[in-house]
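# Commentary on secondary and tertiary structure
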Amino acid sequence: MTLLGVGLALFGPLVLAAASERLYPGRARLGESLVGQGVLLAITAVVLWIAFSFEGLSPEALGLRALRWQAVAWGAALALFFNRAYGPALYFALKRLGLRGFEGGLAKLDDLPLWYLTLAVLIGGTVEEILYRGYAIGRLEALTGSLWLAALIPLVVFTVAHIPLWGAAPALSTFFAGAIFTFFYLWQRDLAPNVISHVATDFVGIVLSRRHGVREAR
């Protein structure tokens, strides 16, 4: 069951993203997008069911700890870093290199209402941290005996999973952002800072950029 859980955690979102892009190319539509969010939640529910019911793991083993003010502070600090330092630096680097930024992916979301984008950011940021960091790292470490492999494999898959929507260059930038999330999780063993900063950063880059008519790479 552990192999099934790891497979779902790593490749479930990737297969979903690739299938969605193939079946519904171009601008995203609300109905299909809502179904996709439902499938993503279902994948996460099955992984958690395997973790708790079959593997006997505690929530703390997946980084699901009681919320502390320190976690909120670290999450806010990380979000500030991503939005005020990492995002602008990335935008500048992509432009200087003549590479496509996040604009193409954002344009695909233009027909979706703000309430849906807010919901998708909340679900996506939370689910990705649970699957790629909280669950996959711990289980891969137990299976391989290597913390380096346990950290690297989910990071690579996390990066590839962003290619269908955003494209190769923007997805590559998520490798470095994901590396920061991975390092922070391994340090704290608490998903709360990651989830807070992940959701907040995506909210600024996807929701607020639409609301204020700004399309920048975040």
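Residues numbered from 1 in each chain as written. Predicted model: local features only at pLDDT ≥ 70, side-chain atom pairs only at ≥ 80, totals over all residues. Heavy atoms only, no water.

### A closer look at the overall build of the chain
A count of helices and strands for the chain gives nine helices and zero strands. The order of helices and strands in the chain, counted from the N terminus, is α-α-α-α-α-α-α-α-α. For the chain, the C-alpha radius of gyration of 17 Å lies close to 17 Å, the compact-globule estimate for 218 residues. With the principal axes as the frame, the chain shows a C-alpha extent of 45 × 35 × 30 Å. Counting over 218 residues, the chain shows a buried share of 45%. A sequence separation of at least 24 residues applies to 82% of the contacts in the chain between residues at least 6 apart. Within the chain, the 13 negative side-chain charges are centred at a point lying 6 Å from the centre of the 17 positive side-chain charges. (Helix = DSSP H or I, 4+ residues; strand = E, 2+ residues; numbered from the N terminus. Rg over C-alpha atoms; globule rule 2.2 N^0.38 Å. Buried < 20%, exposed > 50% of the residue type's maximum accessible area, 1.4 Å probe, protein only. Contact = heavy atoms within 4.5 Å. Lys, Arg positive; Asp, Glu negative; His and termini not counted. Charge placed at Lys NZ, Arg CZ, Asp CG, Glu CD.)

### Digging into helix H2 (residues 30–54)
For H2, which comprises 25 residues, the first-to-last C-alpha distance of 35 Å matches the rise-based estimate of 36 Å (1.5 Å per residue) to within 8%. Of all the positions in H2, only Ser33, Gly36, Gln37, Leu40, Ile43, Thr44, Val47, Leu48, Ile50 and Ala51 are classed as buried. Those residues of H2 hidden inside the fold are in contact with helix H1 (2–23) and helix H5 (114–144). Once H2 ends, the next one or two residues include glycine 56, with phi positive near 70 degrees. (Expected span 1.5 Å × (residues − 1).)

### Remarks on the pattern of salt bridges
Scanning the entire structure with this criterion turns up seven salt bridges. For arginine 27, the salt bridge identified is with aspartate 111, shortest N-O distance 3.2 Å. Placement of the pair is arginine 27 in the loop between H1 and H2 and aspartate 111 in the loop between helix H4 (103–108) and H5, with a sequence separation of 84 residues. The class of arginine 27 is partly exposed, set by a relative accessible area of 45%. With a closest N to O distance of 2.9 Å, glutamate 55 and arginine 139 form a salt bridge. Of this pair, glutamate 55 sits in the loop between H2 and helix H3 (69–96) while arginine 139 sits in helix H5, and the two are 84 residues apart along the sequence. This pair shows no difference in class: glutamate 55 is buried, exactly as arginine 139 is. (Salt bridge = Lys/Arg side-chain N within 4 Å of Asp/Glu carboxyl O.)

### Here we look at the environment of aspartate 110
Positionally, aspartate 110 belongs in the loop between H4 and H5. Under the relative-accessibility criterion, aspartate 110 is labelled partly exposed at 31%. Considered as a pair, aspartate 110 and tryptophan 148 are 38 residues apart in the sequence and their alpha carbons are 39 Å apart.

Such coordinate-based values are descriptive only and should not be taken to indicate function.
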